[in-house]
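Coordinate inspection notes
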Amino acid sequence: MTTPKNFTALLNQVNLPLDWLGLRYVEEIVTTRSARDGYPEVNQRSRQRGVMVEVLVDGQFAYTATPNLQPSAIHRAIQQAYQQAKTAAHWRVFNFTPAARGKGKGHYRSPQQQPFDQLSAAELNHLLKDICHCLKVSDDIVQTRAFVQTVETTTQWLTSDGSQIEQQFYQVLTDMSATAQGAGVVQQRTDHGWLARCYQGGLEWLTADQLSDRARHIGEQAVELLSAQECPETTTTLVLAPDQMMLQIHESIGHPLELDRILGDERNYAGSSFIRLEDFGQRQYGSPLLNVTFDPTVAGELASYAFDDLGVAAERIYLIKEGRLLRGLGSLESQQRAGVLGVANARACSWNRPPIDRMANLNIEPGTQSFAEIIGNIESGVYMESNRSWSIDDYRLKFQFGCEYAKRIENGRLTRTLRNPNYRGTTPEFWHSLIAVGDASTFGIFGTPFCGKGEPNQAIRVGHASPVCAFANIQVFGGG
């Protein structure tokens with residue numbers, strides 16, 4: 001059986017007229033545990049591994065993949081990819097060169113203070129049971145859930161022109177929720193939105209005392225929402241917490257800036273974008289307070305890495321600076337096609353998927369105002385937390401988002417709790433209405449494992465971080 005350690009010898013044995021050849025090995029171990037109302041619900045562990053073969057022949061890339069690590073199987077996969085590339089080259093739409101791939105060498109390992117094996121399955125199940133107990137703060141709580149997933153991923157990338165990269169990722173995904181019911185009203189509160197607390201690291205993210213305190217707070221807010229007023233329908237100043245800014249960034253900045261989407265690759269499945277190639281370097285995307293970075297270098301954020309899946313070194317880069325659109329979310333491949341600057345964001349969700357343009361860590365940089373200062377400057381408004389629902393059109397232009405929890409802002413103070421808060425807008429007008437950006441004390445880091453894209457589909461893990469932000473003249477409304 002071939003192992004990643006002897007892939008180099010296998011590369012040297014290939015005798016085909018290839019312009020370029022790459023092997024990407026991926027192994028992933030996922031452990032998932034959940035509890036409902038204190039009882040174990042899911043206890044499972046999965047492991048998968050395989051090799052993606054990429055070749056370049058006559059300006060055309062082609063891919064094959066195999067879970068069989070025998071040298072003969074990988075050689076067959078290389079031969080199949082070669083034949084595919086030779087055939088497809090007659091109808092290629094772009095003449096690629098090896099410059100569409102990086103030439104990286106190096107290692108990366110997620111920071112991890114407590115390895116996953118420090119807690120047994122029984123101890124993790126007991127922790128989830130305790131969280132459910134803490135969530136049930138009263139008889140009004142009719143359902144509790146607790147969830148934890150650990151992911152250990154190893155990748156190795158070797159190419160015919162000398163790239164050699166090994167990366168190890170340790171990821172922890174957690175969630176908890178409480179559902180309250182009373183007087184014909186049902187409300188749910190989660191831990192900053194479904195599976196928003198996702199990070200790189202180890203079991204240090206599962207500190208029992210912190211989880212218990214959060215669980216009690218979530219349960220109390222779920223009960224509080226039962227007697228809260230319905231969010232009013234009005235046009236007002238909207239203040240969004242970092243956990244809701246996560247989705248706002250993802251849907252109305254991240255996806256519209258993907259170069260493959262702008263080039264039309266995603267139109268049949270995931271839609272297109274209102275952004276055009278000529279907008280880069282020219283368009284004022286939002287107010288001068290808007291600064292957005294692509295930053296896979298943040299320690300602990302879910303989508304941190306040293307190299308993307310084309311072997312390009314990752315770095316912190318401004319996509320939007322002082323409101324002006326500078327770069328797209330496009331890999332070397334898309335940059336060659338579009339003639340637009342991009343970033344190291346070619347990513348694949350598994351060994352049997354090719355890398356495509358994806359978000360990684362996409363963050364709004366902090367501003368200068370504290371939370372108290374932002375709220376104190378607002379005479380009338382609404383503050384919202386934690387996404388509950390979302391809808392956005394195929395061009396990433398018109399959107400409507402719902403949140404779990406809100407507070408009325410009156411005369412510079414947070415006052416009444418509001419339930420079923422929603423807001424709507426269009427992407428350009430929304431970001432131009434940005435009037436305040438919180439400082440580092442308001443900054444929150446979150447993530448999601450559910451970013452779907454590509455045919456066949458790829459669900460990938462992304463990170464988002466943001467301070468609290470305020471927007472003027474936004475339509476808000478109620479309704480579950």
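Anything mentioned here points back to the structure above.
Each value, and the rule that gives it
Residues numbered from 1 in each chain as written. Predicted model: local features only at pLDDT ≥ 70, side-chain atom pairs only at ≥ 80, totals over all residues. Heavy atoms only, no water. Helix = DSSP H or I, 4+ residues; strand = E, 2+ residues; numbered from the N terminus. Rg over C-alpha atoms; globule rule 2.2 N^0.38 Å. Buried < 20%, exposed > 50% of the residue type's maximum accessible area, 1.4 Å probe, protein only. Contact = heavy atoms within 4.5 Å. Areas by Shrake-Rupley, 256 points an atom, 1.4 Å probe, with all protein chains shown as cover. Lys, Arg positive; Asp, Glu negative; His and termini not counted. Charge placed at Lys NZ, Arg CZ, Asp CG, Glu CD. Core = buried A, V, L, I, M, F, W, Y, C linked by side-chain atoms within 4.5 Å. Phe/Tyr/Trp six-rings, centres within 6.5 Å; stacked < 30°, edge-to-face > 60°. Lys NZ or Arg CZ within 6 Å of the ring centre and 35° of its normal. Axes fitted to C-alpha atoms, helices over the stretch in contact; angles between N-to-C directions. Left-handed = near helix turned anticlockwise from the far one by under 90°. Nonpolar A, V, L, I, M, F, W, Y, C, P; charged D, E, K, R; others polar.

1. Examining the overall build of the protein
Broken down by element type, the protein carries nine helices and 24 strands. A compact globule built from 480 residues should have a C-alpha radius of gyration of about 23 Å, and the protein, at 24 Å, falls within 12% of that. In terms of its C-alpha atoms, the protein occupies a principal-axis envelope of roughly 75 × 55 × 35 Å. Residues counted as buried form 59% of the 480 residues belonging to the protein. In the protein, the proportion of contacts linking residues at least 24 apart, taken out of those at least 6 apart, comes to 75%. Roughly 19700 Å² of accessible area belongs to the protein as shown, and the carbon and sulfur atoms make up 47% of that amount. Between the mean site of the 44 positive side-chain charges and the mean site of the 51 negative ones, the protein shows a separation of 4 Å.

2. Overview of the nonpolar core
Counting 54 residues, the largest nonpolar core has Leu257, Tyr285 and Tyr423 as its most contacted members. Not counting residues within four places of it along the chain, the set of residues in contact with Leu257 comprises Ile262, Ile275, Phe280, Tyr285, Leu319, Ile320, Leu325, Arg327, Gly328 and Leu329.

3. Section: the environment of Leu226
With respect to the helices and strands, Leu226 occurs in helix α4 (residues 208–226). Under the relative-accessibility criterion, Leu226 is labelled buried at 13%. Taking the C-alpha atoms as reference, Leu226 lies 7.0 Å from Gln181; in sequence the two are 45 residues apart. In this structure Leu226 touches Asp140, Ala180, Gln181, Gly182, Val185, Gln187 and Arg419, once residues within four positions along its chain are discounted.

4. Concerning the packing of aromatic side chains
Scanning the entire structure with this criterion turns up 20 aromatic pairs. For the pair Phe116 and Tyr170, a centre-to-centre distance of 5.9 Å together with 80° between the ring planes defines the contact as edge-to-face. Taken together, the residues span a long stretch of sequence, with Phe116 in the loop between β4 (105–109) and α3 (121–135) and Tyr170 in strand β6 (residues 164–182) at a distance of 54 residues. According to the relative accessible area criterion, Tyr170 is buried, its value standing at 6%. A connected cluster of aromatic rings, assembled from ring pairs, spans Phe399, Phe401, Tyr423, Phe430, Trp431 and Phe471. Sitting above the plane of the Trp20 ring, Arg101 keeps its charged end 5.5 Å from the centroid.

5. Looking at the packing of α3 against α4
Two elements in contact, α3 and α4, have axes separated by 7 Å at closest approach and are oriented at 35°. The two elements α3 and α4 cross, and the hand of that crossing is right-handed. Counted together, Leu127, Ile131, Cys134 and Leu135 of α3 and Ala208, Leu211, Ser212, Ala215, Arg216, Ile218 and Gly219 of α4 form the full contact between these two elements. When grouped by side-chain class, the residues that make up the contact of α3 with α4 number eight nonpolar, two polar and one charged.

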